[in-house]
Amino acid sequence: MIDRRQMLGGGALGFAAMSTGMLGGCATLPARGATSPASDVLVRDLQQRTFRYFWDTTDPATGLAPDRWPTPSLASIAAVGFALTAYPIGVANGWITREQARDRTLATLRFFARAPQGPAPTGTAGHHGLFYHFLDMERSHRFGRTELSTIDTALLMGGVLFAQSWFDREDAPEAEIRRLADQLYRAVEWTWITPRKPFLSMGWHPESGFIASDWNIYNEGLLLYVLALGSPTHALPADTWTAWSDRFDAQWGNRFGGEPHLQFPPLFIHQYSHCFIDFRGIRDAYMARRGIDYFENSRRAVRAQRDYAIANPGKWADYGADVWGLTACDGPGDFTRTIDGRQREFFSYSARGPGDRDDGTIAPTAAAASIAIEPELATRAIGAMHARYGRGIYTRYGFLDSFNPTLTDASAPLQHGRVVPGVGWIDGDYLGIDQGPIVAMIENARTGLVWQTLRRNPHIRRGLTRAGFTGGWLA
């Protein structure tokens, strides 16, 4: 698994009122098994603030969404996919008009449809219908030596197909959205980027060719393979899914207790595909054999993370039943510090999970984006993090990307963020790929909007059917 950044070394409160600090101090935690009016208001506030990240920071002319903000940044095509998903959510909640969402979406799809493609290392945005992981925000071409990315193209296409199915009116602009979405999806040559068949490579560089690693174990690739199997133009063979899932047994277990499930430490692995596809009640042959579905698998992964935080084998500050969540996120930096007589190793941006590069850094997206999977646990975690650390980590666009209560030494050689007295280290940025799942999964928990919309997308249904999924809403 490649670190996502290793190539770079209707009714809601008015946003104006919320941004003045009306919720800036504390939140009342809900009782177990229930939510309170205060927690409901906080979750809605979080969703709207996080939606505003995409609406305010995305380039309205190109639709390019920054990888991070406020640090000057490049564009992330995966963040664009989440932005496309956020716009209809904004309409459904009354934060923007349908016309505003339509125009921003149309500008985005027009940009990608016109973006130059080809094998040249510079001056292009993609090749064979796929797109580079990062694009320059100003020139709109490949950034540096970043890779042509299969998984980031898949996340982009998740948003593209959501837009295709949501904008269903017969007027000319919405018809163009549907046409461009179909054009972009059909252009992706999934069959080209399989140098070690049947698996998809993680990417390609003009300078060196295909990346040596494939999507060949259980990971966030559920959406990727559904899209690659569902293509009407460049579909992978139907038995690709079986060849892939036949390898999953090595990851089945319960290393940190709890119920057995397909394990992978960072929580984004268990969330990204679920932002788009409703896996409740539908099963492939592998999950039928295990007696659960992929949604239940993610539920078990969430509960295992919380159990790990309660056990807290690393003795990190403040881990517990209501403060948990390890995933890929920013961190303080790459250094060691002796804290309370114990040497601690810290990391900058990294994929974190139970027993895997855990350095005490908590990412609010890990719990918040679990709200459609484990509503009570996620809601309690949102409330606890806001109540305990909100004065440091909850600002204009919701939760900053990450924080670390263990690191309180302001003299540490930080690469990101700052140390806030009484809170610990906090990041200084929001990350688009961590903001996106918060918006989408809160909406899926509340109304099921993204899930219900993509249930009727023919490409998603075709991909699931070819992968062997049956039952539930597919029946």
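Named according to an unreviewed UniProt entry, the protein is Tat pathway signal protein originating from Sphingomonas hominis.

**Student:** Even after reading the chapter, I still don't get the packing of aromatic side chains, so can you show me in this structure?
**Tutor:** Two measures describe an aromatic ring pair: the distance that separates the ring centres and the angle between the ring planes. Under the defined criterion, the tally for this structure stands at 32 aromatic pairs. Taking 5.4 Å as the distance between ring centres and 40° as the angle between the ring planes, the aromatic pair formed by Phe51 and Trp95 counts as tilted. Of this pair, Phe51 sits in helix 2 (residues 37-57) while Trp95 is found in the loop between helix 3 (77-92) and helix 4 (98-114), placing the two residues 44 residues apart along the sequence. When its relative accessible area of 10% is taken as the criterion, Trp95 is described as buried.

**Student:** Explanation requested: unusual backbone geometry in the structure shown.
**Tutor:** Among all residues save glycine, negative phi is the norm, and among peptide bonds the norm is trans. In this structure, the amide linkage connecting Trp69 to the following residue, Pro70, adopts the cis form with an omega of 15°. At the junction of Lys197 and Pro198, the peptide bond is cis and its omega measures out at 5° in the coordinates. Position of Pro198 relative to the elements: it lies in the loop between helix 6 (172-187) and strand 7 (203-205). A positive phi angle, close to 65°, is found at Ser140, a residue other than glycine. Along the chain, Ser140 turns up in the loop between strand 5 (134-135) and strand 6 (148-149). Unlike most non-glycine residues, Lys315 shows phi in positive territory, near 55°.

**Student:** How should the UniProt feature "domain: Glycoamylase-like" (unreviewed entry) in the protein be read in this particular structure?
**Tutor:** The UniProt record annotates "domain: Glycoamylase-like" (unreviewed entry) at residues 214-458. The annotated region residues 214-458 carries 37% helix and 13% strand content, and the separation between its end C-alpha atoms amounts to 27 Å.

**Student:** Which parts of the structure should I look at to understand the sheet that holds strand 19 (residues 424-426)?
**Tutor:** What holds strands together in a sheet is hydrogen bonding between their backbones, with the strands either parallel or antiparallel. One open sheet accounts for three strands, arranged 17-19-18; its pairing is antiparallel. Looking along the sheet, the strands with just one partner apiece sit at the ends: strand 17 (403-404) and strand 18 (418-420). In the sheet, strand 18 pairs with strand 19 via three bridges, with the strands oriented antiparallel. Its bridge partner lying in strand 19, Val420 is registered against Gly424.

**Student:** Looking at this model, I keep getting lost on the sheet that holds strand 8 (residues 209-210). Mind explaining?
**Tutor:** The strand order across the open sheet formed by three strands is 6-7-8, and the pairing between neighbours is antiparallel. The two strands at the open ends of the sheet, each matched to only one other strand, are strand 6 and strand 8. For strand 7 and strand 8, the ladder comprises two bridges, and the chain directions are antiparallel. Bridge pairing links His205 to Gly209 in strand 8.

**Student:** What is the right way to look at the nonpolar core in this model?
**Tutor:** The nonpolar side chains of a soluble globular protein tend to be buried, and buried together. Membership of the largest hydrophobic core comes to 151 residues, with the highest contact counts inside it found for Phe112, Trp241, Tyr294 and Leu464. Considering every element that reaches this core, the biggest residue donor is helix 3, with 11 residues. Apart from residues lying up to four places away in sequence, Phe112 is in contact with Leu64, Ile77, Val80, Phe131, Leu135, Leu156 and Leu184.

**Student:** Before we go on, may I ask you to explain helix 16 (residues 458-466) in this structure?
**Tutor:** One turn of the α-helix equals 3.6 residues, which is why residues spaced by three or four share an orientation. Taken residue by residue, helix 16 has His459, Ile460, Gly463 and Leu464 as its buried positions. Considered in projection along helix 16, the buried side chains sweep an arc of 130° and stay on one side of the axis. Check the buried side of helix 16 and you find it contacts helix 5 (150-166), helix 6, helix 7 (222-230) and helix 15 (449-455). The opening residue of helix 16, the one whose side-chain oxygen lies 3.0 Å from the backbone nitrogen of His459, is Asn457. Following helix 16 by one or two positions, Gly468 has its phi on the positive side, about 95°.

**Student:** Would you explain the state of the cysteines in this entry?
**Tutor:** Such a bond, covalent and formed between the sulfur atoms of two cysteines, is termed a disulfide. Tallying each qualifying case throughout the model produces zero disulfides. With no disulfide partner, Cys275 has as its closest neighbouring cysteine sulfur the one in Cys329, 16 Å distant. When its relative accessible area of 0% is taken as the criterion, Cys329 is described as buried.

**Student:** What is the right way to read the packing of helix 2 against helix 14 (residues 432-446) from this model?
**Tutor:** Working note: a packed helix pair is described by the angle between its axes plus the distance between those axes. Relative orientation of the contacting elements helix 2 and helix 14 amounts to 135°, with a least axis distance of 9 Å. Classed by the angle they form, the pair helix 2 and helix 14 counts as oblique. The element helix 2 and its partner helix 14 pack so that their crossing is left-handed. Residues Val43, Arg44, Leu46, Gln47, Thr50, Phe51, Tyr53 and Phe54 of helix 2 form the contact with helix 14, whose participating residues are Gly432, Gln435, Gly436, Ile438, Val439, Ile442, Glu443 and Arg446.

Here is what the cut-offs are and how they apply
- All residue numbers refer to positions counted from 1 along the written sequence of the respective chain.
- Local features in a predicted model are, by the rule used here, given only for residues with pLDDT of at least 70; side-chain atom pairs are given and counted only at 80 or more, and totals for whole chains, interfaces and linings are based on all residues.
- Only hydrogens and water are removed before side-chain values are computed, so all heavy atoms of the structure are retained for them.
- Aromatic pairs are defined between Phe, Tyr and Trp rings, using the six-membered ring for Trp, whenever the two ring centres lie within 6.5 Å; interplanar angles under 30 degrees are classed as stacked, those over 60 as edge-to-face, and all others as tilted.
- Helix and strand labels come from DSSP, where a helix needs a run of H or I of at least four residues and a strand needs a run of E of at least two; each type is numbered from the N terminus.
- In this scheme, a residue with accessible area under 20% of its type's maximum is buried, one over 50% is exposed, and one in between is partly exposed, where area comes from a 1.4 Å probe on protein chains only.
- UniProt positions are given in the numbering used here, feature names are shortened, and annotations may be inferred rather than shown by experiment.
- A pair of strands is labelled paired if DSSP reports no fewer than 2 bridges between them.
- By convention a nonpolar core is built from buried Ala, Val, Leu, Ile, Met, Phe, Trp, Tyr and Cys residues, the set being connected through side-chain atoms within 4.5 Å.
- The contact rule is simple, with two residues in contact once any of their heavy atoms fall within 4.5 Å.
- The directions considered for the arc are those from the helix axis to the C-beta atoms.
- Counted as a polar contact is a pair of N or O atoms within 3.5 Å, where, for protein atoms, one must be capable of donating a hydrogen and the other of accepting one, and residues adjacent in sequence contribute only when both atoms are in side chains.
- Pairs of cysteine sulfur atoms within 2.5 Å are identified as disulfides in what follows.
- Lines fitted to the C-alpha atoms define the axes, with helices restricted to the stretch that makes contact. Angles between their N-to-C directions range from 0 to 180 degrees.
- Under this scheme an angle from 65 to 115 degrees is roughly perpendicular, one under 35 degrees roughly parallel, and one over 145 degrees roughly antiparallel; angles in between are oblique.
- For a crossing to be left-handed, the near helix must be turned anticlockwise from the far one by less than a right angle; the clockwise case is right-handed.

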